[in-house]
Amino acid sequence: MIADRHRHLLLWAAAALVMVALPLVFSSGASITMMSLMGFAIIFALSYNMLLGQTGMLSFGHAVYYGLGGFLTAHALNVIGSGKWPVPLPVLPLVGGLAGLSFAIIFGWVSTKRAGTAFAMISLGIGELVAACSLILRGFFGGEGGISTSRTSTLRLFGISFGPQIQVYYLIAAWCLLCMAAMYAFTRTPLGRMCNAVRENPERAEFIGYSTQMVRFIAFCASGFFAGVAGGLAAIHYEIVTSSIVGAVPSGYVLLMAYIGGVAFFIGPIIGAVLMTALQISLSDYTGAWSLYVGLMFVVVVMYAPWGLGGLLLMHQPLLAAGLLKRIGPAYARAAPPVVMLAAAVVLLVETAHHLLVKAVEGSAMRVFWVSYDAKSPLVWGLIVLLFGAGIWALRRVMPGVSDAYHAAAQEAQRLRSR
Amino acid sequence: MSACALQLIDLHKSFGATPIIRGVNLDVHQGERHAIIGPNGAGKSTLFHLISGRFPVTTGQVKLNQEDVTGLAPYLINRRGLSRSFQVTNIFPRLTVFENIRCGVLWSLGYRYSFWHMIERAQDARERTEAILEQINLGSRRSVPAALLSYAEQRALEIGITIAGGAGVIMLDEPTAGMSRSETEHAVALIRKVSEGKTLVIVEHDMSVVFDLADRISVLVYGQVIATDTPAKIRANAAVQEAYLGSASAEAEHA
């Protein structure tokens, strides 16, 4: 027990250290911005997973609490700035959190009366409702221009202006760590465990003294609070909040982040948030079809790795502990060429099609992977078909071997551990 | 006569126009083991659902320790001291055996909807869970996900969750259904042990279990209780023999 607690503390200390050290390693402006985005994406994705992974509630409108947290934070910043109120910037995400919490209390009271599909539909409806309001209530949402604000006009503590991005990064990192720890602690409380029980079997939970509606409601409120904190940090980072933040796109995006990372594990949404943010920023530099890749990745994860990337990683943890990872190396290496072939085929197909459909005016000459070619050349299309065919054929041949190698190693690891 | 733990007063339940429970009156005494038997389709499970709050009552009253609980939600009835198991195993499949039981003890220990206690530090919840694991003999399986247990183990877990909250009235819906003879004997011993000092209401098809376990038996036929008495007198009751055993032998012919 004691050792377990120390191990946890050590893990959190390591996470804090990594967050402090990251800007020293990746010191370019672009990477500090990206890491800032990752910070509040992690909070947002984890808050979403309090619903989906822990309590079994599929929400299509989680951006409502994120976005309203952002708007309230921006308004608060403006009021504080113009009134010269003595409020320092670091506490402002709390305004976002309280805004998220308040709206979660209001909307959650209605929507958590139902579970399952009905809950999902109500969340979609509320999402659309708030998105529609954001275009009508121009005073609050700022119309098409949104609400601009300035984070530097608040009370300065220790001469920190929060003008430079690096200072904002550390503010976001501190809140991210705090929220991660709080949300992790939540999973280890009586209510956190009852959330799991309600996810597993709501009927039975009712017969051991718990109102499933109340469990869902409290989880929903907690989730709204943390989403609001994430929105507040986003407002501080961008210094502008527009109505698109409460819309269906971020609501869908947070679902993708959580799901791709893996909803069954606490670390899953963290992986998803980091990966998706990195992909969104770096991929969009290379290709206009980046969101298509993200969508494809989602489909592949749902079909072939329903436990998400986090699940795939954790599958290998017992092997790592038993020192058996190298045993599955050869089998995985055999699977690599067909996977690379398939990936190349997908990229070629998407890029060539995207070029022909979207950038037709630029002519049919294009470049992929440092190779220039003509998008209308039958050779290219033949290559795509060939890569797909050969890739699928080879993958189907090697996959049973990969699966056997993994299971043999996993069994061996279990045998070693039980000895 | 001891006080009534559970009292049903002219209970009716219809699904649409179809009456399933047609005026049940039943007194279950404090501390007795009371079995409800009857042919298939007599309404035994429906009666359980009515008492435990899963189905709304059409007319009539359910009283738990003299308090009217008719129409209350299942969790409210549970908090007033009635806990039930299910005919079809109803557990938390992806949680471990230990977590399954611990979820069952939380409310009764006053943790309610707490998100300000750390569950690992809740000594009382852990000790209570350990004690129950010991009782249901699943201590060695504590860290196994409940879905991976054998059928008999799952049935034991089902009983464990039911008794975990320390309710005074325990209702078991066919706890030995689908078990082998030796598994049934274990289950009966377990039920006898865990219902010590409590009120037990049990629905059971296995007559040897019923006559072995019950202090009193009620016979439910077509939504009405035709007799309530001690096992010996029920055995000798002509109306029961005709209604229940007659249709049971008809069932045997069908099977």
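What counts as what
- Residues numbered from 1 in each chain as written.
- Chains lettered and ligands numbered in written order.
- Predicted model: local features only at pLDDT ≥ 70, side-chain atom pairs only at ≥ 80, totals over all residues.
- Helix = DSSP H or I, 4+ residues; strand = E, 2+ residues; numbered from the N terminus.
- Buried ≥ 20, exposed ≤ 12 C-beta atoms within 10 Å, placed from the backbone.
- Contact = placed C-beta atoms within 7 Å.
- Nonpolar A, V, L, I, M, F, W, Y, C, P; charged D, E, K, R; others polar.
- Pairing = 2+ DSSP bridges.
- Axes fitted to C-alpha atoms, helices over the stretch in contact; angles between N-to-C directions.
- pLDDT = per-residue confidence, 0-100.
- Domains from an automatic or database assignment.
- Parallel < 35°, antiparallel > 145°, perpendicular 65-115°, else oblique.
- Left-handed = near helix turned anticlockwise from the far one by under 90°.

1. Observations regarding the overall build of chain B
So, step 1. Summing up its helical and strand segments, chain B has nine helices and ten strands in all.
So, step 2. Overall, the C-alpha framework of chain B stretches about 60 × 40 × 40 Å when taken along its three principal axes.
So, step 3. Buried positions account for 44% of the 255 residues belonging to chain B.
So, step 4. Excluding contacts between residues fewer than 6 apart, the proportion of contacts in chain B whose partners are at least 24 apart in sequence is 65%.

2. Side note on the interface of chain B and chain A
So, step 1. Facing 30 residues of chain B, the contacting portion of chain A comprises 23 residues.
So, step 2. At the level of elements, α2 (74-79), β6 (82-84) and α3 (97-106) of chain B are the ones that each hand at least two residues to the side of chain B that touches chain A.
So, step 3. Looking at the side of chain B that touches chain A residue by residue, the classes come out as 16 nonpolar, nine polar and five charged.

3. Some words on the sheet that holds strand β4 (residues 59-64) of chain B
In sheet architecture, strand pairing relies on hydrogen bonds along the backbone and comes in two forms, parallel and antiparallel.
Residue and element names in this part refer to chain B.
So, step 1. Spatially, four strands are ordered β2-β1-β4-β5 in an open sheet, and the strand pairing comes out antiparallel. Each of the sheet's edge strands pairs with one partner strand only, and the pair in question is β2 (18-29) and β5 (67-68).
So, step 2. Contacts between helix α1 (residues 44-52) and the sheet are confined to β1 (4-15), β2 and β4, with β2 contributing the most and set at about 65° to the helix.

4. Remarks on the confidence of the model for chain B
So, step 1. Here chain B averages 91 in pLDDT, and 95% of its residues register 70 or above.
So, step 2. Under the prediction, the complex receives an ipTM of 0.92, its pTM being 0.92.

5. Some words on the sheet that holds β6 of chain B
Residue and element names in this part refer to chain B.
So, step 1. Within the open sheet, the six strands sit side by side as β6-β7-β8-β3-β9-β10. Their pairing is mixed. Two strands bound the open sheet, and with one partner strand each, they are β6 and β10 (224-229). The mean angle between the axes of side-by-side strands here comes to 15°, regardless of whether they run parallel or antiparallel.
So, step 2. Taken together, the five bridges between strand β9 (residues 216-221) and β10 define a ladder with antiparallel strand orientation.

6. Notes on the domain arrangement of chain A
Residues and elements named next belong to chain A.
So, step 1. Annotation of chain A at the domain level lists domain 1 (2-311) and domain 2 (316-418).
So, step 2. Between domain 1 and domain 2, the C-alpha centre-to-centre distance is 32 Å.
So, step 3. Across the boundary between the two partners, domain 1 contributes five residues, which contact five residues of domain 2.
So, step 4. By residue class, the composition of the side of domain 1 that touches domain 2 is three nonpolar, two polar and no charged.

7. Focus: unusual backbone geometry
The general pattern is negative phi for most residues beyond glycine and trans for most peptide bonds.
All names here are of chain A.
So, step 1. The backbone phi angle of phenylalanine 162 is positive, close to 60°, even though this residue is not glycine.
So, step 2. If you trace the backbone, phenylalanine 162 turns up in the loop between β1 (147-148) and α7 (165-187).
So, step 3. For phenylalanine 162, a count of 21 C-beta atoms within 10 Å puts it in the buried group.
So, step 4. In this structure, glutamate 239 is a non-glycine residue whose phi angle is positive, near 60°.
So, step 5. Given 15 C-beta atoms within 10 Å, glutamate 239 falls into the partly exposed group.

8. Structural notes on the packing of helix α2 (residues 29-55) of chain A against helix α12 (residues 268-286) of chain A
Residue and element names in this part refer to chain A.
So, step 1. Where α2 meets α12, the closest approach of the two axes is 8 Å, and the angle between their N-to-C directions is 140°. Taken together, the axes of α2 and α12 are oblique relative to one another. Regarding α2 and α12, the two cross each other, and that crossing is right-handed. Contact with α2, carried on its side by Met34, Leu37, Met38, Ala41, Ile42, Ala45, Leu46, Tyr48 and Asn49, involves Pro269, Ile270, Gly272, Ala273, Val274, Thr277, Ala278 and Ile281 of α12 and no other residues of that element.
So, step 2. Counted by class, the contact of α2 with α12 contains 14 nonpolar, three polar and no charged residues.

9. Description of the packing of α2 of chain A against helix α10 (residues 212-238) of chain A
Residue and element names in this part refer to chain A.
So, step 1. Where α2 meets α10, the axes come as close as 9 Å, and the angle between the chain directions of the two elements is 170°. By the criterion of interaxial angle, the relationship of α2 to α10 is roughly antiparallel. Contacts from Ser36, Gly39, Phe40, Ile43, Phe44, Leu46, Ser47, Tyr48, Met50, Leu51, Gln54 and Thr55 of α2 reach α10 at Arg216, Ala219, Phe220, Ala222, Ser223, Phe226, Ala227, Val229, Ala230, Leu233, Ala234 and His237.
So, step 2. Of the residues contributing to the contact of α2 with α10, the split by class is 16 nonpolar, seven polar and one charged.

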